[in-house]
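A structural walkthrough
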Amino acid sequence: VTFLGLFLTVFVLLLDFLKRRKTWNRYPPGPSSIPFLGSMLQMDFRQPQVSFTQLSKKFGNIFSLQICWRNLVVLNGFEAMKEALINKSEDIADRPRFPLYEHMGICGNSAGLVLARYGRAWKDLRRFSLSTLRNFGMGKKSLEERIIEEAGFLNSAFESEESQPFDPHFIINNAVSNVICSITFGNRFEYNDKRFQKLLHMFEESMKLATGFLPQMLNAVPSLMHLPGPHQKILEIPKQIMRCLKEIADEHKESWDPAHNRDFIDAFLGEIEKAKGSQETTFNELNLLFTTSDLFSAGTETTSTTLRWALLFMLLHPEIQSKVHAEIDRVIGRDRRPELGDQVNMPFTNAVIHETLRCGDIVPIALPHMAYRDTEIQGFFIPKGVVIITNLSSVLKDETYWEKPHQFYPEHFLNAEGQFLKREAFIPFSAGRRVCLGEQLARMELFIFFTTLMQRFTFLIPENQPKPQLKPCFAVTSSPHPYQICAKLR
Ligand code: HEM
């Protein structure tokens, strides 16, 4: 045993020596790292954005880290992020490898959208997905109509709680997810539908499992995946999601009529048909599943979390809630449903939604980027292949830019005359080549869902309950701790 222990220690030290960070000229500074773990002990994986912001105070806005043997550069603050995401957008447009998901076939031309390496396959898929989402209005029902319809179901579900305390998480998640279902599967589901609930539950679990110390280790040292242990669950849930999506895709194939695309899956089947025989294509059946899964996971939790923050801010700031009510009554009234065209006449409500995205800090560290070529940011050298973390949180809460960075203050988005004010450092959807693909959809959903709820209800903290906390929980998205709400009819 002693010999084995000694052998393993020498082996790890030797491996560490060989794989350890190389030093490049003008490479960003960073904390010291220890064998094997690198700088992992300097990180709080439950809220990485906070660790990054603290480290940036010590090492500057651009600093380097090592996670096991992966080299990372973390970008902080508005100026560094603007240079990287806007001016050097292509230089940082790549994504690192995620060995954790490669065992399912997520690699090369079949990597979906979110985890795909920068290149032709990703570009073709992104173009197709964007235009399919945009053209959705050409069907029988426009996207706006579908969201307005779902907002009606959302209101009814809130109303059925009869002003009693409840946690809004479940209902909001269902409504938001139904918009993606309607786009990808062609129909919405009842909120108690078993298959729908199973799918939602699996996506939520897989988001939780994708963050933290363990997934970082497995991505950095993939051979650990072959050992038994709790991490096997991380590998199992995405497989279950794929099985469920495959069932739905197979049902589509059986009833598919190429002349009438019902939804995203049908449109994708059409592309697979066109691309038959081509080895290079990104339009294959595996990628149909990965892309559908991406739209689901990227499109549900983010928007649902934002709406939960919005209601929480309304609970905690009744005076702001009253102002939103007053604007809705003045511009829309109580008899007709809110629609997108109302937005231009509602600067205050619009500012509240923007401030929710800023202060709620929904995807604080975005998704990891990777240097596509050697590049330079703020005078620092970043070699091709280094992982780049964009700490969006540090921009949304940049103390040199926002007047009250750590408070909920809708006036950040209003000028002295009360008109809506665009802000350059407002980048909750990131920016550049990898900017969120669903930004337009999310903005539509947020406006219609939020305004429809606010038109009908006053939100109150249940009697005899303490004020809900503002402290976030992190699992790719930063969401509020579960809280209870009373929705009183206006
Ligand atoms: C990527 C934020 C809603 C689909 C991202 C990224 C952020 C983000 C920060 C990472 C960008 C980067 O890597 O630099 C948000 C927020 C949302 C939202 C705050 C809601 C409030 C949606 C919706 C969809 C969606 C509704 C689905 C239609 C995607 C996809 C990507 C992405 C596919 C990957 C893009 C790529 O790598 O090319 N989002 N998102 N998102 N988002 Fe969203």
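Residues numbered from 1 in each chain as written. Predicted model: local features only at pLDDT ≥ 70, side-chain atom pairs only at ≥ 80, totals over all residues.

In the nomenclature of an unreviewed UniProt entry, the protein corresponds to Cytochrome P450 2D15-like from the organism Geotrypetes seraphini. The Subcellular location (unreviewed entry) comment attached to the protein in UniProt states, word for word, "Membrane". The heading Cofactor (unreviewed entry) in the UniProt record of the protein holds the text "heme". (UniProt positions renumbered as here; feature names shortened; annotations may be inferred.)

1. Section: the overall build of the protein
For the protein, the helix and strand inventory stands at 16 helices and 10 strands. Rg of the C-alpha trace for the protein: 23 Å, near the compact-globule value of 23 Å for 490 residues, within the 12% margin. Referenced to the eigenvectors of the C-alpha coordinate spread, the extents of the protein come out at roughly 75 × 55 × 45 Å. Looking at the protein residue by residue over its 490 residues, the buried ones come to 42%. Of the contacts made within the protein by residues no fewer than 6 positions apart, 73% connect residues no fewer than 24 positions apart. (Helix = DSSP H or I, 4+ residues; strand = E, 2+ residues; numbered from the N terminus. Rg over C-alpha atoms; globule rule 2.2 N^0.38 Å. Buried ≥ 20, exposed ≤ 12 C-beta atoms within 10 Å, placed from the backbone. Contact = placed C-beta atoms within 7 Å.)

2. Details of helix 7 (residues 169-184)
Compared with an ideal rise of 1.5 Å per residue, which puts 16 residues at 22 Å, helix 7 spans 22 Å between its outermost C-alpha atoms and is within 8% of the ideal. Of all 16 residues in helix 7, 14 are buried; the element is thus mostly enclosed. Of the residues flanking the end of helix 7, it is Gly186, one or two places downstream, whose phi is positive at about 85°. (Expected span 1.5 Å × (residues − 1).)

3. Things to note about the nonpolar core
By size, the foremost hydrophobic cluster in this structure holds 116 residues, and its most contacted members are Leu75, Ile388, Phe449 and Phe450. The greatest single-element share of this core, amounting to 13 residues, is contributed by helix 12 (residues 285-316). What Phe449 contacts, discounting residues up to four positions off in sequence, is Ala151, Leu154, Ala175 and Leu307. (Core = buried A, V, L, I, M, F, W, Y, C linked by C-beta atoms within 7 Å.)

4. Re the environment of Asp91
Among the secondary structure elements, Asp91 is positioned in the loop between helix 3 (78-87) and helix 4 (99-102). Considering only alpha carbons, one finds Asp91 and Ile382, 291 residues apart in sequence, at a separation of 9.7 Å. Beyond its immediate chain neighbours, meaning those up to four positions away, Asp91 contacts Ala371, Tyr372, Arg373 and Thr375.

5. Observations regarding the UniProt feature "binding site: heme" (unreviewed entry) in the protein
In the numbering used here, UniProt assigns the feature "binding site: heme" (unreviewed entry) to Cys436. With respect to the helices, strands and loops of the structure, Cys436 is situated in the loop between helix 15 (392-396) and helix 16 (439-456). Residue classification places Cys436 among the partly exposed positions, given that 19 C-beta atoms sit within 10 Å. Once residues within four sequence positions are removed from consideration, Cys436 is found in contact with Phe429 and Ser430.

6. Focus on the site of the ligand
Around the ligand, 24 residues are found, and the nearest of them are Ala298, Gly299, Ser430, Cys436 and Gly438. For the shell around the ligand, the secondary-structure elements that each account for two or more residues are helix 12 and helix 16. The element contributing the most residues to the shell around the ligand is helix 12, with seven residues. (Near = placed C-beta within 6 Å.)

7. Comments concerning the environment of Lys253
With respect to the helices, strands and loops of the structure, Lys253 is situated in helix 10 (residues 232-255). A tally of 13 C-beta atoms within 10 Å means that Lys253 is categorised as partly exposed. Residues Lys253 and Asn76, spaced 177 residues apart in sequence, show a C-alpha to C-alpha distance of 46 Å.

8. A look at the pairing of strand 1 (residues 62-67)
In terms of residue burial, strand 1 counts as a mostly covered element, since six of its six residues are buried. Burial along strand 1 is two-sided: the residues Ile62, Ser64 and Gln66 and Phe63, Leu65 and Ile67 are all buried. Summarising the sheet, strand 1 and strand 2 (residues 70-75) pair through six bridges and their orientation is antiparallel. Among the inter-strand pairings, Ser64 is bridged to a residue of strand 2, identified as Val73. Between the antiparallel neighbours strand 1 and strand 2 lie two residues, among them Cys68 with a positive phi of about 50°. (Pairing = 2+ DSSP bridges.)

9. Points about the sheet that holds strand 1
Spatially, 1-2-6-3 is the arrangement adopted by the four strands of the open sheet, whose pairing is mixed. Looking at strand neighbours, the two that pair on one side only are strand 1 and strand 3 (369-370), the edges of this open sheet. Looking at chain direction, strand 2 and strand 6 (residues 387-390) are connected through four bridges and run parallel. Each residue of the ladder has a partner; that of Val73, found in strand 6, is Ile388.

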